[in-house]
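If you want the building blocks of each chain, they are given just below.
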Amino acid sequence: MSYILESLKARDPHEREFHQAVQEVTESIKPVLDQNPQYGQAAVLERIVEPERIITFRVPWVDDQGDVKVNRGFCVEMNSAIGPYKSALRFHPSVNQSILKFLAFEQVFKNALATLPLGGGAGGSDFDPKGKSDDEMMRFCQNFMAELYQHIGPNTDIAAGDIGVGTREIGYLFGMYKRLRNEFTGALTGKGLNWGGSLIRAQAAGYGCVYFAAEMLATRNMTLEGQVCLVSGAGNVAQHTAEKLIELGAKVITLSDSSGYVYDPEGIDRDKLAYVKRLKNIRRGRIQEYADKYAGAVFTPLDTNSDFNPLWSHRATCAFPCATQNEISEQDAYAIINNNVKLICEGANMPCTPEATDIFIDKSILYAPGKAANAGGVAVSSLEMVQNSIRLNWLGKEVDQRLKIIMKGIHKTCLDAAETYATPGNYLNGANITGFVKVVDAMLDQGVI
Ligand code: NDP
Ligand code: 2IT
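In this text the structure is predicted, and so the values were computed from the model without any measurement.

Asker: Describe the packing of helix α10 (residues 236-247) against helix α11 (residues 270-282), naming the residues involved and giving the relevant values.
Answerer: Here α10 crosses α11 at 170 degrees, and the two axes come no closer than 11 Å. One finds that α10 runs roughly antiparallel with respect to α11. Each of Q239, H240, A242, E243, I246 and E247 in α10 lies in contact with α11, whose residues at this interface are R270, L273, K277, K280 and N281. In the contact of α10 with α11, the residues fall into three nonpolar, three polar and five charged.

Structure, rendered in structure tokens:
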């Protein structure tokens, strides 16, 4: 399999994140390929690492000063073997083809693992939402959609939010989509509750991540009650991970954003979390303000020149990286295990470097990859699509119950597949193998496409 990686590196040497995602999957599926020569004969690996389609486009927009700006937009449609592409949209200055290919690749396996009838994709732009007014955000979203609308649709590619794309942005994107298509359809998920959105969608990735963690702890006769938890990020996934942890009696002592992290030894309670939500979602401020407000809390700026993030060096039982890719380095992983952490549950996509992942697996720490642990987000997106199709809105309790069942199912599936392929307890192998087999079997059924 290393030949696949070598050929990808030779062809696209700068796509570091995509290579990392492919390497992780190809290492896990080696025994599956050994036992199933039909996969090799049909060159499924060669095909699965090549996106079905990538569209890049210019996004011109006008800022509040009247100056014309230009960003780059992307739509990566990775694999539609088991259903229409389901994509997340990311707006962040770091966005490039490598990052979106990695996200799209992860999404393919995540959706298959979660038993959703959906393929995988990703989209977005190198646009930086920080410091932009609502009007600038709206103009950018409208111009982005002026191209994207040609490529998405309820039966082709259904988009949702990711970093930098929340309810406000989905609103502006949906408004423009509807205007251009003259159709009110579920081509986007994460919509507002009174125009087609689903209850619990905003909470789903975070809540689902905590449900998954609870299932993992149960295999060691532990619960979340009273456990000290490290959470990184302060956005959608981090907020709702923290919210559910607090509800289940855990003590959350950290949150972060791209400028640094806060450590609150007293624990972040419901009221403090409500403050964080106002700070990040409404005022769009910096997490440092939390430490200015609450006595005893300490802010530490992020040192971008260091491989070590002290957030991960606090004593805790559970760690939930919920910010971005590669936020846990090898050095951070050593700090985590030296502090006796028992569980790492990835709310973000690929937040652990390969070196960090290897350390957690070698030490037999409970480790859940994002494609299993954060699948609650896309799972409830899928439930939003169902509600849109039948033109009904389910109660929040009902959606939450379905989310719990889905996360429980993913947990069991991961463990069963890991056991079948002789790596018991290895959730990473279990997730990759399950997703891979489902997608490539569909590819075999559909011929050389
Ligand atoms: P948000 O934009 O709501 O929040 C992202 C958070 O991460 C912010 O606190 C942001 O800081 C921080 N962050 C982003 N980039 C960096 C960086 N380069 N360095 C340090 N901090 C950074 O995004 P989400 O919460 O939606 O997404 C977080 C992660 O979860 C991503 O990996 C995403 O792919 C994944 N995910 C999201 C799902 C969803 O439904 N939203 C579902 C499944 C996974 P700042 O405020 O300074 O920008
Ligand atoms: O990474 C992810 O799964 C997401 N950002 C959510 C995707 C979705 O379709 O809801």
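Asker: Can you lay out the packing of aromatic side chains for me, pointing to particular residues and giving the numbers?
Answerer: Considering all chains together, one arrives at 19 aromatic pairs under this definition. Taken together, a centroid distance of 5.6 Å and an interplanar angle of 90 degrees make the contact between F18 and F105 edge-to-face. Taken together, the positions of F18 in helix α2 (residues 16-28) and F105 in helix α6 (residues 97-113) put the pair 87 residues apart, joining distant regions of the chain. On the accessibility criterion, F105 (2% relative accessible area) is buried. On the numbers, 4.8 Å between centres and 75 degrees between planes, the contact of F105 with F109 is edge-to-face. Taken together, the positions of F105 and F109, both in helix α6 and four residues apart, correspond to about one turn of that helix. Neither F105 nor F109 differs from the other in exposure class; each is buried. The rings of F57, W61, F91, F127, F140 and F144 are connected pair by pair, giving a single aromatic cluster. We note K132 situated over the ring of F127; from NZ or CZ to the ring centre the distance is 5.2 Å.

Asker: Break down the site of ligand 1 for me, citing the residues and quoting the values.
Answerer: Surveying the vicinity of ligand 1 reveals 26 residues, the closest of which are D162, R201, S258, R286 and N349. The side chain of D162 places a nitrogen or oxygen atom 2.6 Å from an oxygen atom of ligand 1. Separating an oxygen atom of ligand 1 from a backbone N or O atom of N236 is a distance of 2.9 Å. For ligand 1, whose free accessible area comes to 890 Å², the fraction covered by protein is 84%.

Asker: Tell me what's going on with helix α14 (residues 354-362), and back it up with residues and numbers.
Answerer: Turning to α14, its buried residues number three or more, namely A356, T357, I359 and F360. What you see down the axis of α14 is that its buried residues fit within an arc of 160 degrees, all on one side. Packing partners of the buried residues in α14 comprise α13 (330-338), β12 (343-345), β13 (366-368) and α18 (427-445). Note on α14: the residue one or two positions beyond its end, S364, has a positive phi of about 55 degrees.

Asker: Describe a nonpolar patch on the surface, listing the residues and the values that go with them.
Answerer: A cluster of nonpolar side chains, V62, V68 and V70, forms an exposed patch at the surface whose accessible area comes to about 260 Å². On the accessibility criterion, V68 (61% relative accessible area) is exposed.

Cut-offs used in this document
- Residues numbered from 1 in each chain as written.
- Chains lettered and ligands numbered in written order.
- Predicted model: local features only at pLDDT ≥ 70, side-chain atom pairs only at ≥ 80, totals over all residues.
- Heavy atoms only, no water.
- Axes fitted to C-alpha atoms, helices over the stretch in contact; angles between N-to-C directions.
- Helix = DSSP H or I, 4+ residues; strand = E, 2+ residues; numbered from the N terminus.
- Parallel < 35°, antiparallel > 145°, perpendicular 65-115°, else oblique.
- Contact = heavy atoms within 4.5 Å.
- Nonpolar A, V, L, I, M, F, W, Y, C, P; charged D, E, K, R; others polar.
- Phe/Tyr/Trp six-rings, centres within 6.5 Å; stacked < 30°, edge-to-face > 60°.
- Buried < 20%, exposed > 50% of the residue type's maximum accessible area, 1.4 Å probe, protein only.
- Lys NZ or Arg CZ within 6 Å of the ring centre and 35° of its normal.
- Near = heavy atom within 4 Å.
- Polar contact = N/O pair within 3.5 Å; in protein donor to acceptor, adjacent residues only side chain to side chain.
- Areas by Shrake-Rupley, 256 points an atom, 1.4 Å probe, with all protein chains shown as cover.
- Arc of directions from axis to C-beta.
- Patch = residues over 30% accessible without salt bridge, like charges linked within 9 Å, V, L, I, M, F, W, Y side chains within 5 Å.
- Salt bridge = Lys/Arg side-chain N within 4 Å of Asp/Glu carboxyl O.

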